[in-house]
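Survey of secondary and tertiary structure
One-letter residues, chain by chain:
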Amino acid sequence: MWKRALAGTGVLLCCLVATGSVRAEDESPWRTAVALVGDPLYPDGFDHFAYVNAKAPKGGTVTLPAIGTFDSLNPVPDSGVKASGLGLVFETLMTSSPDEISTEYGLLAEALRYPDDYSQVTYRLRPEARFSDGTPVTPEDVVFSFNALKADNVQQANYYRHVTSAEVTGDHEVTFHFDEKGNRELPQITGQLLVFPKHWWEANGADGKPRDISKTTLSVPIGSGPYVIDSVDPGGSITYRLRDDYWGKDLPVNVGRSNFGTIKYLYFADPDVAFEAFRSGVLDFWTETRSKRWATQYDFPAVSEGKVKREEVQNPLRSVGIMQALVPNMRRAPFDDQRVREALILAFDFETINRTALSNAYARDDSFFFGTELASSGLPEGEELDILNSVKDQIPASVFDTPNTLPVGGSEDNERKNLMAALKLLKEAGFERKGTQMINTSTGKPFTFEILISNPGLDVVLLPYTEELRKIGITATIRVVDDSQYQNRVNDFDYDMIWNVWGQSLSPGNEQLYYWGSKAADQPGSQNYAGISDPGIDQLINRVIFAKDRDELVAASKALDRVLLAHDYVIPLYYSKNYRIAYWDRITHPTLPEYGLDFPDSWWSTDVAQ
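The structure contained in this document is the topic of the report that follows.

The rules we used
- Residues numbered from 1 in each chain as written.
- Predicted model: local features only at pLDDT ≥ 70, side-chain atom pairs only at ≥ 80, totals over all residues.
- Heavy atoms only, no water.
- Pairing = 2+ DSSP bridges.
- Helix = DSSP H or I, 4+ residues; strand = E, 2+ residues; numbered from the N terminus.
- Axes fitted to C-alpha atoms, helices over the stretch in contact; angles between N-to-C directions.
- Expected span 1.5 Å × (residues − 1).
- Buried < 20%, exposed > 50% of the residue type's maximum accessible area, 1.4 Å probe, protein only.
- Arc of directions from axis to C-beta.
- Salt bridge = Lys/Arg side-chain N within 4 Å of Asp/Glu carboxyl O.
- Parallel < 35°, antiparallel > 145°, perpendicular 65-115°, else oblique.
- Left-handed = near helix turned anticlockwise from the far one by under 90°.
- Contact = heavy atoms within 4.5 Å.
- Nonpolar A, V, L, I, M, F, W, Y, C, P; charged D, E, K, R; others polar.

Taken in spatial order, the three strands of this open sheet run 14-25-15, and their pairing is antiparallel. The sheet is open, and its two borders are formed by strand 14 (285–288) and strand 15 (308–313), each paired with just one other strand. On average, each strand axis in the sheet is inclined to that of its neighbour by 20°, with strand direction left out of account. In the sheet, strand 15 pairs with strand 25 (residues 579–584) via six bridges, with the strands oriented antiparallel. The residue of strand 25 that forms the bridge with Glu312 is Arg580.

The end-to-end C-alpha distance of helix 14 (residues 459–471), which contains 13 residues, comes to 18 Å, matching closely the 18 Å that a straight helix rising 1.5 Å per residue would cover. Val461, Leu462, Tyr465, Thr466, Glu468 and Leu469 are the residues of helix 14 that are buried. For helix 14, the buried positions fall inside an angular range of 155° around the axis, keeping them on one side. Immediately downstream of helix 14, the backbone of Gly473 shows phi near 90°, a positive value.

Right, let's get into the pattern of salt bridges. Counted under the stated rule, the structure contains 26 salt bridges. In this structure, the salt-bridge partner of Lys181 is Asp117, at a minimum N-O distance of 3.7 Å. Of this pair, Lys181 sits in the loop between strand 9 (173–178) and helix 4 (186–189) while Asp117 sits in the loop between strand 6 (109–113) and strand 7 (120–125), and the two are 64 residues apart along the sequence. We classify Lys181 as exposed; its relative accessible area is 58%. Assessed through its relative accessible area of 29%, Asp117 is described here as partly exposed. Salt-bridge contacts for Arg470 lead to Glu467; the nearest nitrogen and oxygen are separated by 2.5 Å. Here Arg470 and its partner Glu467 are both found in helix 14, three residues apart, which amounts to about one turn of the helix.

The next subject is helix 11 (residues 382–389). Those residues of helix 11 not exposed but buried are Glu384, Ile387 and Leu388. Taken down its axis, helix 11 places every buried residue within 100° of arc, on the same side.

Contact pair helix 11 / helix 19 (residues 550–566): the axes reach a minimum separation of 8 Å and the direction vectors enclose 55°. Here helix 19 runs oblique to helix 11, going by the angle between their axes. For the element pair helix 11 and helix 19, the recorded crossing hand is right-handed. Contacts from Glu383, Glu384, Ile387 and Leu388 of helix 11 reach helix 19 at Asp551, Glu552, Ala555, Ala556, Lys558, Ala559, Arg562 and Val563. Of the residues assigned to the contact of helix 11 with helix 19, the class counts are six nonpolar, no polar and six charged.

Spelled out as structure tokens, the structure:
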């Protein structure tokens, strides 16, 4: 399930509904929480989430890093680079519990209800919910937000593709209608919809011109969340201030949260410069993504004196299946040839890179649901095998008799064996080694391509990889661009290869359509970065979405994973189940929730008296 989505594109939809479907929903019970796996942990009327410090002090400042730049404070359109932290300003109908898997509790909405066939869902808004200008949050705002997100954001249009319309069905009620029945996830994902103030966006701005929610803007917007934007230095920093009049501060889902008086994001062009700012005390919190730095560069005085604390925790990754990979663009030759993609996988010597550049801190990413029960392994059996047999004529035959394995490097013998195998595949694909170059025998052109990235720190992995490719005559160059240019090129699929990370929940569903679905392959702005368009994959995605119970969902996810791997769509990289954080003793946290850090939400400043 996709959480806290801020992006998607589609056609503005009118709000119509059949009278019969409303009557069907009227017979269903109102719920204050909903779960896809099991039952909600917290009962009606609970006081607060169990892990929070309900008496955490309010106030103080936390300063956080952001890498790159930003040019928009509007989270709706695909265009532009959004500022960090906008989720502090805008709210959703429901909010997730970091202590549970795929469970949501009422936020802007106090309750929801839906019929047994999951054909629609109605949310009842809290009468007390207010935007920061004091205006009530209304069903009209929800409808406006839904239509805007579907019209101007590709990811949201894909995510909500089966949500056909939204309409006001009461003074405080809004109903979403679906174009299919039996999709258990749809009632819940509509609760993740960000809600914007219709009256503000339809008014004129300070310049006297009409505002446009479909365009990027640096005008400071309003929302219903606990924070307002206090100051903006475009591309340099953005500061959020806690609202004294926040309408929802006493809700059970908010008690002990939103504690910092001020949250500031400082932008850095270079992650290494940002880390030095953390070391010097300018920044309060750091997530360490470089294993070598974690092992060798935390010997500064503040660490030994106990002023900087370091923790390795698994919490944020317990409910996430990670696929970190290099993604060739199959819309371009020769990446549309599986033999070429397999050769590129053979040339990636993970074991050597892990040892020489990554301090042996990682495991090979061998699944699109890596580290979870949804990951495929061995040969299919049971319900997974039944699902695969149902699409047998549309998937690779190898999935039934050959386990998915990745080549093993780490030694000269293994390297030689893998590169020889790669050369054989390239020859079969119409390439020939001439001198130091790999030449396409049909066109006479050398095999060259560009790896597009926005983070120069990835060179530590990419440079050894390009050297391996050079050994078999392939010239791969690394192109580093700024965040804005990178996002624009990715949205337009204007690249040969990119580096991407997919984070999968334990309840995958409709988001799989825009990761791997055929309709998303040619839809600018979608996350089908590889350009996958395959009827067998489409059918397996539907088996995931329409799974009737947990066992079927697990089996369908494994089947989808197995077939995605069999097509060699990506060059799998690596990941770790340990999440490394460091922070100054000016801030602290409660007992961490089972599935997250809940940062900065439930943390607080130690400079404020408790």
